[in-house]
There are 2 protein chains.
Amino acid sequence: MIEFFLDTISEIIELTEADKEVFINNCLIKKLKKRQFFLQEGDICKYAGFVSKGCLKTYTVDKNGDEHVFQIALEGWWVSDMYSHLTGEPANFTIEALEDCEIVVMDKEAREKILKEVPGYERFHRILLEKNYVATQRRVNSMLSSSAEERYLAFIEKYPQIVQRVPQLVIASYLGIAPESLSRIRKQLAK
Amino acid sequence: MIEFFLDTISEIIELTEADKEVFINNCLIKKLKKRQFFLQEGDICKYAGFVSKGCLKTYTVDKNGDEHVFQIALEGWWVSDMYSHLTGEPANFTIEALEDCEIVVMDKEAREKILKEVPGYERFHRILLEKNYVATQRRVNSMLSSSAEERYLAFIEKYPQIVQRVPQLVIASYLGIAPESLSRIRKQLAK
DNA sequence: TATTTTTCTTAACCTATATCAATAGTATTT
DNA sequence: AAATACTATTGATATAGGTTAAGAAAAATA
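Throughout this description, residue numbers start from 1 for each chain and increase along the sequence as written. Each chain gets a letter, beginning with A, and each ligand a number, beginning with 1, in the order they are written. With the structure being a predicted model, the display of local features is reserved for residues of pLDDT at least 70 and the display and counting of side-chain atom pairs for 80 or more, all residues being used for whole-chain, interface and lining totals. The basis for every side-chain value is the complete set of non-hydrogen atoms in the structure, without hydrogens or water.

Can you help me understand the packing of aromatic side chains in this one?
The description of an aromatic ring pair uses the distance of the two centres, along with the angle that the planes make with each other. Geometry of aromatic contacts follows a simple scheme: Phe, Tyr and Trp rings, the Trp one being its six-membered ring, pair when their centres are within 6.5 Å, and the pair is stacked under 30 degrees between planes, edge-to-face over 60, tilted otherwise. All told, the structure shown has 24 aromatic pairs over all chains when counted by the stated rule. With a centroid separation of 6.3 Å and 55 degrees between ring planes, the pair formed by Trp78 of chain A and Phe124 of chain A is classed as tilted. You can see Trp78 of chain A sitting in strand 6 (residues 78–79) and its partner Phe124 of chain A sitting in helix 5 (residues 121–145), a full 46 residues away along the chain. Since its relative accessible area comes to 4%, Phe124 of chain A is described here as buried. Taken together, the ring pairs connect Phe4, Phe5, Phe23, Phe50, Trp78, Tyr121 and Phe124 of chain A into an aromatic cluster. By definition, being over a ring means that NZ of Lys or CZ of Arg is both within 6 Å of the ring centre and within 35 degrees of the ring normal. Positioned over the ring face of Tyr174 of chain B is Arg139 of chain B, at 3.7 Å from the centre of the ring. Secondary structure elements follow DSSP: runs of H or I of four or more residues count as helices, runs of E of two or more count as strands, with numbering from the N terminus. Note on exposure labels: buried denotes an accessible area under 20% of the residue type's maximum, exposed denotes more than 50%, and partly exposed covers the range between, all computed with a 1.4 Å probe on protein chains only.

Given below as structure tokens:
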């Protein structure tokens, strides 16, 4: 499944066969069964991972034990707790498989090597970061300016594949509402 | 006031005198009076700016004409609509001076030159982006998991200088609540 | 297939925050 | 100093979305 990983990178930067070898020699494949953890809150996030198969949720747990979903990652998405990965501090996020997964992972050492040996990767990395940042800015904005119903409509527009595959209560949490509220919103919209 | 700009960058990466010249030769200083715009929604964000004096708000305007504040930027902060700046598409954000400001600005061409002539700047840029991204992740999280009162308390803890300088209605908008609600929360906390 | 677990829906009720309107207090501008 | 903007406060009322609880439906597991 490393093919899909290399193809995805190739969409942004050109990779030679030699470049591809660098990735293959430095990345690992992790397999997770549904409900297993890629990362647990409090652990140090050793790996950044590219989801090559399956689906995961990234979330925090508040003082009442309630989950708040930050990200839902399908194939082609990256998962990590960036803060923890960069600083070596304990992670705030938990990352858990919603389905059986295959994840291409690299630790910091592997990334250093890739950055050194595949010069274009620096650019890929920056572009990915910029895209994620802009997307997160927009999410803040939608939370500031839109109702729950508007956010749900925007979500199904933007991520129809997620709506098909992921339990509603996970989507409700991502939107910042109770699952009962999402159920009501859907009923209302069905008319 | 370019001193402050150079000093701030020097806190992250070392700059030689020659490096500093590169910045001085490629950046401009923009001055804005209170209520003037650094960027207006719909325009293309030509510049990224470093606030060397004053204070600005970055916000969107919704279909009812209501403002939603994404960022409050004091001295040392950067302002831009990153999406517009990177893609050349029209900006979603408006950036407006809350006080008379001095802003060190660079356009894309200037940045290209700086990146080429000051090799460490790439690293500075990446670190800044990473920090902003992590901060924005945390903001999403606080909106998902905390009440208005909790968010306000976290805000005054994190940004006491902003509380001193910026009208409450701007802070209320940043927190995603009505100014009346913030007023009531403050009254409640005063007890 | 039967059983257990998880997810979704519905209804009744509740609460945090919004909205509207009036007033008072502060800054700016003339 | 007066006049004109803004900004903050307060009270009355409204509402989106939360909470609790129960049952139905769907999915996973035995």
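On we go from here.
So what exactly am I meant to see when it comes to the pairing of strand 3 (residues 48–53) of chain B here?
Within a regular beta strand, the side chains point alternately toward one face of the sheet and then the other, so they alternate between its two faces. All names here are of chain B. Most of strand 3 sits out of view: five of its six residues are buried. Inspection of the sheet shows strand 3 paired to strand 8 (residues 101–106) by five bridges, in the antiparallel sense. Pairing of Phe50 across the sheet is with Val104, part of strand 8. Should DSSP find at least two bridges between two strands, the strands are taken to pair.

Would you mind going over the protein's contact with DNA strand D with me for this structure?
A cutoff of 4 Å decides nearness: a residue is near a molecule or strand if any of its heavy atoms lies inside that distance of it. In the vicinity of DNA strand D there are 18 residues, among which Ala148, Glu180, Ser181 and Arg184 of chain A together with Gln168 of chain B approach most closely. Counting only the atoms of DNA strand D that lie within 4 Å of the protein, the sugar and phosphate share comes to 59%. N or O atoms within 3.5 Å of each other form a polar contact, as long as, within protein, one can give a hydrogen and the other can take it, and as long as residues adjacent in sequence are counted only when both atoms are side-chain atoms. At 3.2 Å, a side-chain N or O of Lys34 of chain A approaches a phosphate oxygen of DNA strand D. Between DNA strand D and Leu169 of chain B there is a distance of 2.9 Å, counted from a phosphate oxygen to a backbone nitrogen or oxygen. Mapped by element, the contributors of at least two residues to the surface near DNA strand D are helix 9 (179–190) of chain A together with helix 8 (168–175) and helix 9 (179–190) of chain B. Here the surface near DNA strand D takes five residues from helix 9 of chain B, the largest share from any one element. Three residue categories are used. Nonpolar comprises Ala, Val, Leu, Ile, Met, Phe, Trp, Tyr, Cys and Pro, charged comprises Asp, Glu, Lys and Arg, and polar comprises the others, including Gly. Its residues placed into classes, the surface near DNA strand D shows five nonpolar, five polar and eight charged.

In this structure, what is going on with the interface of chain A and chain B? I would like to understand it.
Should any heavy atoms of two residues lie within 4.5 Å, those residues are counted as being in contact. Each partner contributes to the interface: chain A provides 32 residues, whereas chain B provides 32 residues. Using a 1.4 Å probe, buried area is obtained as the accessible area two parts lose upon being combined, added over both of them. For the pairing of chain A and chain B, the buried interface totals around 3100 Å² over both sides, and the portion due to carbon and sulfur atoms is 68%. The rule for a salt bridge is simple: a side-chain nitrogen of Lys or Arg has to be within 4 Å of a carboxyl oxygen of Asp or Glu. Our count for the contact surface shared by chain A and chain B stands at two salt bridges. Linking chain A with chain B are eight residue pairs in polar contact (both at pLDDT 80 or more). At the level of elements, strand 5 (67–73), helix 3 (82–87), helix 5 and helix 8 (168–175) of chain A are the ones that each hand at least two residues to the side of chain A that touches chain B. Per element, the largest residue contribution to the side of chain A that touches chain B is 17 residues, and it comes from helix 5 of chain A. In the side of chain A that touches chain B, the residues fall into 14 nonpolar, 11 polar and seven charged.

How should the pattern of salt bridges be read in this particular structure?
It is possible for side chains bearing opposite charge to pair when their charged atoms get close. All names here are of chain A. Under the definition given, this model contains 16 salt bridges over all chains. The partner of Arg165 in a salt bridge is Glu75, with the nearest N and O atoms 2.8 Å apart. In this pair, Arg165 is assigned in helix 7 (residues 160–165) and Glu75 in the loop between strand 5 and strand 6, connecting sequence segments 90 residues apart. Note on Arg165: relative accessible area 31%, which makes it partly exposed. The partly exposed category is assigned to Glu75, whose relative accessible area is 30%. Taken together, the shared-partner salt bridges in this structure form one network comprising Glu75, Glu99 and Arg165.

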